[in-house]
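Read off the chains here:
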Amino acid sequence: MTNLAEIIEKISPDAPLLIVDADEVLLRFVEHLEAFFVSKGYELRLTSFQLSGNIFPIEGDEPASQDAVKRLISSFFEECVDTVPAVPGAADALKSLTDEYQVAILTNVPHQFRKRRETALRDLGFNFPVISNAGEKGPAMQQLNRATGHQSVFVDDLPPQLASVAEHAPDVHRVHFVADERLAALIGKADHAHVRIDKWHDLETHLRSLLLRD
């Protein structure tokens, strides 16, 4: 089960809230996933901003089947959820922002791997609560946002998640962030994001500027 309710109970109504995704925001997920694929006889060909249809057997011309992709992703989390490296600058930026923001990580890691991911993130300097989610993040963000009387910010790499938050919690400030430079080049700012920022030093500056408006 997700630990959302447990985290909500700990949120203060007296400080702004910063909710960040993990993969491609805090963690270099795609880079690590690529190396894993190769170890299993597959490769990721980044021709569009998605995994589906872009995973191929090495030297093959037909993309991997949906079932094969599901097995690969499941195996990746089982074997590698503890070893994904950090995005440069992310840990230092978040640590410096904790004087102003309450920070939590909202990630679609499978629930059974939440504790492993939280431990791995802590080892990388991200000493924040981790909420495991499945599917759209808008409903979870809606509940989190209700717990504070100040500005809430949501940071994610995926346009559908930004759209979901826009639908369920429209007053939340939404940041589109894509750490991997190759992925970032394949997509513009998400329609439902207020801003697109791909570097943590720029994001830190932006988040501080929001406090002046709160």
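Let us look at the sheet that holds strand 7 (residues 173-176). What the six strands build is an open sheet, ordered 5-4-1-6-7-8; its pairing is parallel. Each edge of the open sheet is held by one strand with a lone partner, namely strand 5 (130-132) and strand 8 (195-196). Summarising the sheet, strand 4 (residues 102-107) and strand 5 pair through three bridges and their orientation is parallel. The residue bridging threonine 107 from the neighbouring strand is serine 132, located in strand 5. Packing of helix 6 (residues 138-146) onto the sheet brings it into contact with strand 1 (17-20), strand 4, strand 5 and strand 6 (152-156), and relative to strand 1 it is tilted by some 160 degrees.

Let us now look at the packing of helix 2 (residues 29-39) against helix 3 (residues 66-80). Where helix 2 contacts helix 3, the two axes come as close as 11 Å, and the packing angle between them is 105 degrees. Put simply, helix 2 runs roughly perpendicular to helix 3. Counted together, Phe29, His32, Leu33, Phe36 and Phe37 of helix 2 and Leu72, Ile73, Ser75, Phe76, Phe77, Glu79 and Cys80 of helix 3 form the full contact between these two elements. Along the lines of polarity and charge, the residues of the contact of helix 2 with helix 3 split into nine nonpolar, two polar and one charged.

The subject of this paragraph is the nonpolar core. With 53 residues, the main nonpolar core has Leu18, Leu26, Leu94 and Trp200 as its most contacted residues. Sort the elements by how many residues they give to this core and helix 3 lands first, with seven residues. Leave out the neighbours within four places in its chain, and leucine 94 touches Leu18, Val20, Leu26, Val103, Phe126, Phe128 and Trp200. By size, the runner-up hydrophobic cluster in this structure holds 20 residues, among which are Ile7, Leu17, Leu106 and Ala140.

As for its position among the elements, glutamate 34 is in helix 2. When residues no more than four places from it in sequence are discounted, the contact partners of glutamate 34 are Leu44 and Arg182.

With that settled, consider the packing of helix 6 against helix 7 (residues 159-168). Where helix 6 meets helix 7, the closest approach of the two axes is 8 Å, and the angle between their N-to-C directions is 50 degrees. With respect to their mutual orientation, helix 6 and helix 7 come out oblique. Handedness of the crossing formed by helix 6 with helix 7: right-handed. Between helix 6 and helix 7, the contacting residues are Gly138, Pro139, Met141 and Gln142 on the first element and Ser164, Val165 and His168 on the second. Its residues assigned to classes, the contact of helix 6 with helix 7 comprises three nonpolar, four polar and no charged.

With that settled, consider the packing of aromatic side chains. Aromatic ring pairs: the centre-centre distance and the angle between the two ring planes describe each pair. Counted by the stated rule, this structure contains six aromatic pairs. On the basis of an interplanar angle of 70 degrees and a centroid distance of 5.9 Å, the ring pair of phenylalanine 76 and phenylalanine 77 is categorised as edge-to-face. In this pair, the class of phenylalanine 76 matches that of phenylalanine 77, namely buried. Between phenylalanine 177 and tryptophan 200 the ring centres are 5.6 Å apart and the planes differ by 45 degrees, which places this aromatic pair in the tilted class.

With that out of the way, let us pick up the environment of alanine 5. Secondary-structure assignment places alanine 5 in helix 1 (residues 4-10). In the structure, alanine 5 is positioned 139 residues away from leucine 144 in sequence and 8.9 Å away in space, judged by C-alpha atoms.

Criteria and cut-off values
Residues numbered from 1 in each chain as written. Predicted model: local features only at pLDDT ≥ 70, side-chain atom pairs only at ≥ 80, totals over all residues. Heavy atoms only, no water. Pairing = 2+ DSSP bridges. Helix = DSSP H or I, 4+ residues; strand = E, 2+ residues; numbered from the N terminus. Contact = heavy atoms within 4.5 Å. Axes fitted to C-alpha atoms, helices over the stretch in contact; angles between N-to-C directions. Parallel < 35°, antiparallel > 145°, perpendicular 65-115°, else oblique. Nonpolar A, V, L, I, M, F, W, Y, C, P; charged D, E, K, R; others polar. Core = buried A, V, L, I, M, F, W, Y, C linked by side-chain atoms within 4.5 Å. Buried < 20%, exposed > 50% of the residue type's maximum accessible area, 1.4 Å probe, protein only. Left-handed = near helix turned anticlockwise from the far one by under 90°. Phe/Tyr/Trp six-rings, centres within 6.5 Å; stacked < 30°, edge-to-face > 60°.

This is a description of form; function is not addressed.
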